[in-house]
Amino acid sequence: MKITREAVDHVANLARLEITDAEADEFTIQLNSILEYADKLNRLDTKDITPTAHVMPMQNVFREDEVHNCLPREQALANAPEEEDGMFRVPPVIE
């Protein structure tokens, strides 16, 4: 499939782009070059290639949940700028 100058002008118009004649000619050449490369890729024999989502094999690493002791409240609040009734005191966000 070849991209025509008219197609480039049409897409530029749809995108509300003002391009010069020289730019339209350059874009036509560049887009055709991209399509030629894609056509080369389409000619490759890939029937024995397994489709993949990643180049490297990926595997989730799951681990068992482990119960640990909680941080003591006093220690958690030790560096708080303000605390009230054993909780962090923050400025109100809704006025």
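So, here is what we can say about the structure in this document. (Residues numbered from 1 in each chain as written. Predicted model: local features only at pLDDT ≥ 70, side-chain atom pairs only at ≥ 80, totals over all residues. Heavy atoms only, no water.)

**Topic: the side chain of Asn-32**
Item 1. Tracing the backbone through its elements, the reader meets Asn-32 in helix H2 (residues 21-42).
Item 2. A relative accessible area of 10% means that Asn-32 is categorised as buried.
Item 3. At a separation of 3.0 Å, a polar atom in the side chain of Asn-32 contacts the main-chain carbonyl oxygen of Thr-28.
Item 4. Those residues in contact with Asn-32 that lie beyond four places of it in its chain are Met-1, Lys-2 and Ile-3. (Helix = DSSP H or I, 4+ residues; strand = E, 2+ residues; numbered from the N terminus. Buried < 20%, exposed > 50% of the residue type's maximum accessible area, 1.4 Å probe, protein only. Polar contact = N/O pair within 3.5 Å; in protein donor to acceptor, adjacent residues only side chain to side chain. Contact = heavy atoms within 4.5 Å.)

**Considering the side chain of Thr-28**
Item 1. Along the chain, the position of Thr-28 falls in helix H2.
Item 2. A relative accessible area of 12% means that Thr-28 is categorised as buried.
Item 3. Sequence-distant contacts of Thr-28, that is, excluding residues within four places in its chain, are made with Ile-3, Thr-4, Arg-5 and Val-8.

Geometry only, nothing functional implied.
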